[in-house]
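The lines below spell out each chain.
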Amino acid sequence: MSKLFNVSSSPHVRSSETTRSIMMDVAIAMLPATAYGVFQFGLHALLVLIVTILACVLSEYVYEKGMKKPITISDFSAVVTGMILALNMPATIPLWIPALGGVFAIIVVKQLYGGLGQNFMNPALAARCFLLISFAGKMSSFTLDGWSGATPLAAMRNGETMDLASMFIGKIPGTIGEVSVIALLIGAAYLVVRKVISLRIPLTYIITTAVFIFIFGNHDPYYVACEVCGGGLIFGAFFMATDYVTSPVTPAGQYVFGVVLGLLTGIFRLWGASAEGVSYAIILSNLLVPVIEKATLPAAFGRESESGWAKMFAKKEGK
Amino acid sequence: MNKYVERLYNGIWKENPIFVQMLGLCPTLAVTTSAINGVGMGLSSTAVLVCANLLISALRHLIPDRVRLPGEIVVVASLVTIVDMLMEGFLPSLYSALGIYIPLIVVNCIILGRAESFAMKNTPILSAFDGLGMGLGFTIALGLIGACREVLGAGTVFGIQVTPSSFQPISIFILAPGAFFVLSMLTALQNKLKAPCATNGSADKEEKENFGCTGNCMTCAEHKTEGEGK
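Everything numeric here is computed off the predicted structure, so don't read it as measured data.

**Focus: the overall build of chain B**
Step number 1: Scanning chain B from N- to C-terminus turns up 11 helices and 2 strands.
Step number 2: The buried share of chain B, taken over its 230 residues, is 42%.
Step number 3: Long-range pairs, those at least 24 residues apart, make up 70% of the contacts in chain B between residues at least 6 apart in sequence.
Step number 4: If you sum the accessible surface of chain B, you get close to 11500 Å²; carbon and sulfur atoms cover 68% of it.

**Some thoughts on the overall build of chain A**
Step number 1: Each helix and strand in chain A was counted, giving 15 helices and 2 strands.
Step number 2: Expected size for 319 residues packed as a compact globule is a radius of gyration near 20 Å; at 21 Å, chain A falls within 12% of this value.
Step number 3: Overall size of chain A, expressed as C-alpha extent along the three principal axes, is 75 × 45 × 45 Å.
Step number 4: Scored against the burial criterion, the 319 residues of chain A give a buried share of 50%.
Step number 5: Considering only intrachain contacts with a sequence separation of at least 6, the fraction spanning at least 24 residues in chain A is 75%.
Step number 6: Only carbon and sulfur atoms are counted for the fraction: they give 68% of the accessible area of chain A, which is about 15600 Å².
Step number 7: Computed over 21 positive and 17 negative side-chain charges, the separation of the two mean positions in chain A equals 11 Å.

**A few points about the UniProt feature "transmembrane region" (unreviewed entry) in chain A**
All names here are of chain A.
Step number 1: Mapped onto the present numbering, the UniProt feature "transmembrane region" (unreviewed entry) falls at residues 45-63, 70-89, 125-144, 164-192, 199-216, 222-240 and 252-271.
Step number 2: As annotated, residues 125-144 comprises 70% helix and 10% strand, and the C-alpha atoms at either end are separated by 23 Å.
Step number 3: Between the first and last C-alpha atoms of residues 222-240 the distance is 26 Å; the span itself is 84% helix and 0% strand.

**With respect to the side chain of A:Thr52**
Step number 1: With respect to the helices and strands, the residue A:Thr52 is situated in helix H2 (residues 43-66).
Step number 2: Taking relative accessible area as the criterion, A:Thr52 reaches 0% and is therefore assigned buried.

**Re the UniProt feature "modified residue: FMN phosphoryl threonine" (unreviewed entry) in chain A**
Step number 1: Listed under "modified residue: FMN phosphoryl threonine" (unreviewed entry) in the UniProt record, and renumbered for this structure, are A:Thr151.
Step number 2: When near neighbours in sequence (up to four residues on either side) are disregarded, A:Thr151 contacts A:Phe142, A:Pro173 and A:Gly174.

**Remarks on unusual backbone geometry**
Step number 1: With an omega of 5°, the peptide bond running from A:Ser10 to A:Pro11 counts as cis.
Step number 2: Tracing the chain through its elements places A:Pro11 in the segment before helix H1 (19-41).
Step number 3: Positive phi is not limited to glycine here, since A:Lys68 has a value of about 55°.
Step number 4: Here A:Lys68 lies in the loop between H2 and helix H3 (77-87).
Step number 5: Phi is positive for B:Met22, close to 55°, though the residue is something other than glycine.
Step number 6: Classification of B:Met22 as partly exposed rests on a relative accessible area of 36%.

**Examining the interface of chain A and chain B**
Step number 1: Each partner contributes residues to the interface: chain A has 10 residues there, and chain B has 9 residues.
Step number 2: Each partner contributes to the roughly 740 Å² buried at the junction of chain A and chain B, and carbon and sulfur atoms together form 78% of this total.
Step number 3: For the chain A face of the interface with chain B, the top three residues by lost area are A:Phe130, A:Ile133 and A:Ser134, together amounting to 49%.
Step number 4: Inspection of the chain A/chain B interface yields 0 salt bridges.
Step number 5: Across the chain A-chain B interface, the total number found is 4 residue pairs in polar contact (both at pLDDT 80 or more).

**Points about helix H13 (residues 251-271) of chain A**
Each α-helix winds once per 3.6 residues, and so residues spaced three or four apart point in a common direction.
Step number 1: Compared with an ideal rise of 1.5 Å per residue, which puts 21 residues at 30 Å, H13(A) spans 30 Å between its outermost C-alpha atoms and is within 8% of the ideal.
Step number 2: Of the surrounding elements, those touching the buried residues of H13(A) are helix H7 (152-157), helix H10 (200-216), helix H11 (221-229), helix H12 (233-240) and helix H14 (278-295) of chain A.

**Some remarks on the confidence of the model for chain B**
Residues and elements named next belong to chain B.
Step number 1: Confidence in the prediction of chain B, expressed as mean pLDDT, is 85, and 84% of residues score 70 or more.
Step number 2: Of the regions scoring below 50 in pLDDT, residues 221-230 engages in 14 contacts with residues more than four places distant in sequence or in other chains.
Step number 3: The complex model carries a pTM of 0.83, and its ipTM stands at 0.80.

**Topic: the nonpolar core**
All names here are of chain A.
Step number 1: Core analysis: the largest hydrophobic core is formed by 122 residues, its most contacted members being Met30, Tyr205 and Phe239.
Step number 2: Among the elements that line this core, the one with the most residues is H1, at 9 residues.
Step number 3: Apart from the residues within four sequence positions on either side, tyrosine 205 is in contact with Leu233, Gly236, Ala237, Ala241, Gly258, Leu261, Gly262, Thr265, Val278, Ala281 and Ile282.

**Topic: the confidence of the model for chain A**
Step number 1: For chain A, per-residue confidence averages 88 on the pLDDT scale, and residues scoring 70 or more make up 93% of the total.
Step number 2: Within chain A, H3(A) carries the highest mean pLDDT (95), whereas helix H15 (residues 308-318) of chain A carries the lowest (56).

**Some remarks on the packing of helix H3 (residues 35-58) of chain B against helix H6 (residues 109-117) of chain B**
Residue and element names in this part refer to chain B.
Step number 1: Closest axis-to-axis distance for the H3/H6 pair is 10 Å, and the angle between their directions is 20°. Relative to H6, H3 is oriented roughly parallel. Note on packing geometry: the crossing formed by H3 with H6 is right-handed. Contacts from Ser45, Val48, Leu49, Ala52, Asn53 and Ile56 in H3 reach Ile110, Ile111, Arg114 and Ala115 in H6.

**Things to note about the side chain of B:Arg60**
Residues and elements named next belong to chain B.
Step number 1: By the element assignment, arginine 60 lies in the loop between H3 and helix H4 (68-90).
Step number 2: Of the side chains with opposite charge, glutamate 72 comes closest to the buried, unpaired arginine 60, at an N-O distance of 11 Å.
Step number 3: For arginine 60, the side chain forms a polar contact with the main-chain oxygen of serine 57, separated by 2.9 Å.
Step number 4: Those residues within four positions of arginine 60 in sequence are excluded, and the remaining contacts are Ala119, Met120, Lys121, Asn122, Thr123 and Pro124.

**A short note on H14(A)**
Step number 1: In this model, H14(A) (18 residues) spans 24 Å end to end at C-alpha, consistent with the 26 Å of a helix rising 1.5 Å per residue.
Step number 2: Taken together, the buried positions of H14(A) are A:Val278, A:Ser279, A:Ala281, A:Ile282, A:Ile283, A:Ser285, A:Asn286, A:Val289, A:Ile292 and A:Ala295.

**Overview of the state of the cysteines**
Step number 1: On inspection of all chains with the given rule, the structure shows 0 disulfides over all chains.
Step number 2: Cysteine A:Cys56 shares no disulfide, and the gap to the nearest cysteine sulfur, in A:Cys129, comes to 15 Å.

**Overview of the pattern of salt bridges**
Step number 1: All chains considered together, the criterion is met by 9 salt bridges over all chains.
Step number 2: Across the salt bridge formed by A:Arg194 and A:Asp25, the nearest N and O atoms sit 3.1 Å from each other. In this pair, A:Arg194 is assigned in the loop between helix H9 (181-193) and H10 and A:Asp25 in helix H1, connecting sequence segments 169 residues apart.
Step number 3: A residue is classified by how much of its surface remains accessible, and A:Arg194, at 44% relative accessible area, is partly exposed.
Step number 4: As a salt-bridge pair, B:Asp130 and B:Arg7 come within 2.8 Å of each other at their nearest N and O atoms. With a gap of 123 residues between them, B:Asp130 in helix H7 (residues 124-154) and B:Arg7 in helix H1 (residues 3-14) connect regions that are remote in the sequence. For the pair formed by B:Asp130 and B:Arg7, the shared burial category is buried.

Quick notes on the rules
Per chain, residue numbering runs from 1 following the sequence as it is written. Lettering for chains starts from A, numbering for ligands starts from 1, and both go in the order in which the items are written. Totals for whole chains, interfaces and linings use all residues, but because this is a predicted model, local features are given only for residues with pLDDT of at least 70 and pairs of side-chain atoms are given and counted only at 80 or more. Computation of side-chain values covers all heavy atoms of the structure but excludes hydrogens and water. Labels follow the DSSP assignment, with helices taken as runs of H or I lasting at least four residues and strands as runs of E lasting at least two, numbered in each case from the N terminus. Between buried and exposed lies partly exposed: a residue is buried under 20% and exposed over 50% of the maximum accessible area for its type, with that area taken using a 1.4 Å probe on protein chains only. Two residues qualify as a contact provided that any one of their heavy atoms is within 4.5 Å of a heavy atom in the partner residue. Working definition of accessibility: Shrake-Rupley area with a 1.4 Å probe, residue cover restricted to the visible protein chains. Both definitions apply: the radius of gyration is a C-alpha atom measure, and the globule rule equals 2.2 Å times residues to the power 0.38. Positive charges come from Lys and Arg, negative ones from Asp and Glu, while His and the chain ends are left out of the count. To locate a charge, the coordinates of NZ of Lys, CZ of Arg, CG of Asp or CD of Glu are taken. UniProt positions are given in the numbering used here, feature names are shortened, and annotations may be inferred rather than shown by experiment. Defined here as a combined quantity, buried area equals the accessible surface (1.4 Å probe) lost by two parts on assembly, summed across both. By definition, a salt bridge exists where a carboxyl oxygen of Asp or Glu is found within 4 Å of a side-chain nitrogen of Lys or Arg. Definition of a polar contact: a pair of N or O atoms within 3.5 Å, with one able to donate and the other able to accept a hydrogen when the atoms are protein atoms, and with sequence-neighbouring residues admitted only if both atoms are side-chain atoms. Each helix should span, by expectation, one fewer than its residue count multiplied by 1.5 Å. A score from 0 to 100, pLDDT tells how confident the predictor is in each residue. We call a set of buried residues a nonpolar core when its members are Ala, Val, Leu, Ile, Met, Phe, Trp, Tyr or Cys and they connect through side-chain atoms within 4.5 Å of each other. Orientation is described by lines fitted to C-alpha atoms, with helices fitted over the stretch in contact, and by angles between N-to-C directions that extend from 0 to 180 degrees. Here the word oblique covers every angle except those under 35 degrees (roughly parallel), over 145 (roughly antiparallel) and from 65 to 115 (roughly perpendicular). Each crossing gets its hand from how the near helix is turned against the far one by less than a right angle, where anticlockwise is left-handed and clockwise is right-handed. Two cysteine sulfurs form what is called a disulfide whenever their separation falls within 2.5 Å.

Printed below as a string of structure tokens:
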């Protein structure tokens, strides 16, 4: 038998990764934090999770059916959005609030802009901010073991000192998914090992926040460590800031993105009205991504390596 | 269609200043926190629009072309001052709710836009009807946006409770982001209803002729000159 040579146009090297496999990896990576949240906050947390995911998947299905578009619920992106949104809720929330949030995330933030890959902002976080503004009381009442208390960040703002070890394990009040740093880090390690995310954005983000708080807030390293472990910083840095659609694709841009995120989070935490600012920092930085990408565009092979910024200014002057 | 009625139809539906022309968005987004504020703003603008169009059209041969913008502004500003004082005297609660946006009617782009594009080129009565149509279109749009925001954000319409007491108001709708949500949704709805060809591009020639406009007036040569008088 003669050997057949297959002639085809590029690309010749293909990856076996699909949207579905990546989204599955993200969902798996969030499982430790989810399990810890359900273990700590009880069955109602599980209900919140199920309702949010169902709301997301159903609204994606209904919208795409109604608009006669291909149904994309099997790519798991709606499930991931639902999981992130649910993990950002306090466990005692009435169930209709996460359901409303899921519908808002998928229909308004994702589908109206054209579906997966077209949304300009992280859908889960936009929905979370929508709910936070609308139902401020219900969205920020946290209880732990039937005892309602301030989150570590709010307590630290009032001058209390926190126990770093319990914050690391997660024995603190907070949203379902953000409390346990160790569970989140296990998930993050899985994502890094599977090469779903790179460490550029999360590390730049966390380091910038820590340095900012060290310089402008409190010069005590223990305090800074508590700030890093408290609130949604770890969860946000590894799982939400690294969203492919709403983060820069250029490596240099990813560092810039991380620094912007860190600065905004630091500013919001130190001088904002609320003790936490990760959600707002991420959705605001999402809006800057097109500018960051334009500025950090690498030079094409063989061209002079003119930096993106220089190009941008040259263009402006040319006009 | 009678040309006066056509002006009203044009202002209210076909070239609605909010949903189609996207003019005057500053008061639209700022004052529509309740239906009554929206309608109040709309009606005061309507009063100014009708009188401004009538006066400017009557004066159009007297105003030298080179100073027509200051001329128009003087007329509009005088009318707004009258409305401002009347409202302060007779509707103090609405006046305080609308605040700075009443004097700002002077720089509302709808008013200057109609004066410049219609009143300067048409007869006074027709211009007054154009102003009335645009004003009513503005009022209806503001009233609708205000009503939607009020229902969702406070559970009331014109101050009357319409939702069951178990309904939890979604307070973002009476804050600034809610104005954008409601405006965009209503614009999409109006686009969908106005002409099939405006949103899906699949309408055939006959349908296009029936509906007059393809919706994309910027690229459509025959409608580009519309509003400049026939």
